[in-house]
Amino acid sequence: MSKCSVLRLRNNLSDSSKRVISRNWRNIFFALFLAIASSSFVDMFSRVAALEYDAPSFSAAILCQWDCGWYSSIVADGYHRNPVAHAKGDAANWAFFPAFPLFARAVVFTTGVSAQFALVLTSKLFLFLSLWAFLALVEKELGADAKMAAGLVVAFNPYIIYAHAGYTETLYFFLTTLSFLFLHARRFILAGMVGALLSATRLVGIFFLVPYLLYSSRFLREKNLQSYVPAFLLGIFLVPLGLGLYMAYLHSHVGDALAFKNVQVAWGRSVENPFDTLIAGLSVSGWERFFALSALASLAMSIWLVVQRRLDYAFFLVIVTLIPLSTGLWSMPRYIFWQMPFLFGMVIIFMKIRLLGGLYLVLSGGVGAVVVVSWALGKNFVI
Amino acid sequence: MKNINFNYLLIFFLSLFYLWIVFLIVNPNVSEEYRAYYIERITSDWRPLRYTAVVSEGFDFSKPGLPSFIRYTAGISYHESWGRWTDASLKKTVRIIYEEPFFGDVCVNIMLSPALPQIGRLVVIRFGSNEQQFVTQAGAQWYQLDFRLDDPTSTLEIEPSVSATPALWDPTNKDLREISLGLYRLIALPGACKELESSNL
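Draft legend 1. Fine view of the interface of chain A and chain B. The interface is formed by 35 residues belonging to chain A together with 25 residues belonging to chain B. Counting across the interface, chain A meets chain B through 0 salt bridges. Joining chain A to chain B, the criterion identifies 11 residue pairs in polar contact (both at pLDDT 80 or more). Those elements giving two or more residues to the side of chain A that touches chain B turn out to be helix 11 (225-238), helix 12 (241-253) and helix 13 (259-262) of chain A. A total of 7 residues in the side of chain A that touches chain B trace back to one element, the largest contributor, which is helix 11 of chain A. The residue makeup of the side of chain A that touches chain B, split by class, is 22 nonpolar, 8 polar and 5 charged.

Next comes the structure, spelled out in structure tokens:
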């Protein structure tokens, strides 16, 4: 394209389009700044752990622990054909969904770095994209004033370590935010396609179908309903595609389409009544009570979102809280603090009571620092 | 209009794909052991240790792992130094599958000790379509049962009357297993019990 035609194109852009582009660039720079600040925060406290507690200094191997190790096995060697891990030899990497390791595999392919480093890099990359998408969503739904709070609750999430440790959290957050953005813009096929990636990232991703269906109530009475229906229906059918493809793969690879669920027996997990799990967690002391309180906070946030008439966010949050809760309390805080509707609800609260936002940020930074140090020390309560 | 038709065409193909996935879910292509451990969750053994033994030596539950003549078991808890408990939380009826089937007269000797609620209650032993029962007594006891198998059968089942978590009689016990019979030894031998006894004499 010649210089002349670029200038002509620029002149032809309407003022509103120019504003959108300029706003988008601002969001990109702000997201980048926050992603770097968040990374520095984690790096700083990892150095504290190394200096004060003799923790090993952060490298890809230290960052890539626990679940990241499982993803690393997928990136390096693919899915297990037979169970091989744990003392009984009954664990396999089938429980870990394919979208995240596939993105990391692409990083390995393009850069030649190790699987562990690629996973860490991928999660950091998706932190930046999560920030950008969340800023765009909040700006659209709550206004530009809410962007600062939105950026800070993501970048200084108390469980920020997962954005830098080769976990799915940031990819999941990004895809959730993007799918809601497309849904609210009535780009149903795009929402369905992103929903398909979401269902290939985590099992709960398939429950994006619930807010998707709820959203239909907004346009059912519109006169031009006919024009929406085909794309809307196709979007519904696209969401489970990621999960469906993974199940088809598992059937051909292992012989069991539900191997991702059935292998949970190796972790001693079985499906229970989530409310029984919640009550049991609240009635004991120690970390389990804290995990149960996190789940309770998420359910309370769902109610708050209902009050705010954000039914699609509310129902999605309830479902994605109850499903992991039905298999136990372990890992609840990271599930909750990386749920987009949960952080969205917090932004609404902080916009109403700004002092609370400031207090939360201090508390969140403190918890985040403790979690980073604990991670460096290999404490298992942060997994 | 063309777009609309294309969307519906995609929906049609996706529907077929999901129907195929449902078919795959209900028809897993896995081994019996995989099905028992991962899908039905009726056994606590996954690729257990195997020790060499012959059928006449019997199944010694106090040894870790399974004897070579047993293919797999269901409804039995993990190994303990004295033997293994039946566990109804896995499966109410214990199932023991032999590698080779039995046929004709079979003498089953079983040594077991009932948990408190099972004392004085009925235990049903099934070998194929044949069924025998006995009433348990307190403590570890031998029980002898005669079977006549008309068809080759490799599955032996043990069905206690009552299973419960130990907390029922010991509130301090936090064991979540639903136990009933403590299994010590199981010997199934071809031939009627009386004939075997006389030949031993």
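Having seen it, we continue.
Draft legend 2. Looking closely at helix 18 (residues 340-352) of chain A. Residue and element names in this part refer to chain A. A rise of 1.5 Å per residue sets the reference length of helix 18, with its 13 residues, at 18 Å; its end C-alpha atoms lie 19 Å apart and thus fit the reference within 8%. Of all 13 residues in helix 18, 10 are buried; the element is thus mostly enclosed. Where helix 18 is concerned, the buried positions are Met340, Pro341, Phe342, Leu343, Phe344, Gly345, Met346, Val347, Ile348 and Phe350.

Draft legend 3. Region of the structure containing the pairing of strand 6 (residues 94-114) of chain B. Residues and elements named next belong to chain B. By the bridge criterion, 4 bridges tie strand 4 (residues 70-74) to strand 6 in an arrangement that is antiparallel. Within the sheet, the bridge partner assigned to Tyr72 lies in strand 6 and is Ile97. With 14 bridges connecting them, strand 6 and strand 9 (residues 141-160) associate as antiparallel partners. In the strand pairing of strand 9, Cys107 is matched with Asp146.

Draft legend 4. Spotlight on the packing of aromatic side chains. Enumeration over the complete set of coordinates arrives at 57 aromatic pairs over all chains. An angle of 15° between the planes, with centres 6.0 Å apart, marks the rings of Phe69 of chain B and Tyr98 of chain B as stacked. Taken together, the residues span a long stretch of sequence, with Phe69 of chain B in the loop between strand 3 (66-67) and strand 4 and Tyr98 of chain B in strand 6 at a distance of 29 residues. Pair check on accessibility: Phe69 of chain B and Tyr98 of chain B agree, each one buried. Here the aromatic cluster, defined as three or more aromatic residues joined through ring pairs, consists of Phe180, Phe188, Phe208, Tyr212, Tyr215, Tyr228, Phe232, Tyr313, Phe316 and Phe344 of chain A.

Rules used throughout
- Numbering of residues begins from 1 in every chain and follows the order in which that chain's sequence is written.
- A letter from A marks each chain and a number from 1 marks each ligand, given out in the order of writing.
- It should be noted that, the model being predicted, local features are given only for residues of pLDDT at least 70 and side-chain atom pairs only at 80 or more, the latter also being counted only at that level, while totals for whole chains, interfaces and linings use all residues.
- Note that the side-chain values use all heavy atoms of the structure and ignore hydrogens as well as water.
- Every residue pair with non-hydrogen atoms within 4.5 Å of one another is taken to be in contact.
- In what follows, salt bridge is the name for a side-chain nitrogen of Lys or Arg lying within 4 Å of a carboxyl oxygen of Asp or Glu.
- Under this definition, polar contacts are N or O atom pairs within 3.5 Å; protein pairs additionally need one hydrogen-donor-capable and one acceptor-capable atom, and for neighbouring residues in sequence, both atoms have to be side-chain atoms.
- In this description a helix means any DSSP run of H or I spanning at least four residues, a strand means any run of E spanning at least two, and both kinds are numbered starting from the N terminus.
- All amino acids are sorted into three groups, where Ala, Val, Leu, Ile, Met, Phe, Trp, Tyr, Cys and Pro are nonpolar, Asp, Glu, Lys and Arg are charged, and the leftover types, Gly among them, are polar.
- Multiplying one less than the number of residues by 1.5 Å gives the expected span of a helix.
- In this scheme, a residue with accessible area under 20% of its type's maximum is buried, one over 50% is exposed, and one in between is partly exposed, where area comes from a 1.4 Å probe on protein chains only.
- Two strands pair under a simple rule: DSSP has to find at least two bridges between them.
- Pairing of aromatic rings covers Phe, Tyr and the six-membered ring of Trp, with a centre-to-centre limit of 6.5 Å; geometry is then stacked below 30 degrees between planes, edge-to-face above 60, and tilted otherwise.

Geometric descriptors of this kind do not, in isolation, establish any biological role.
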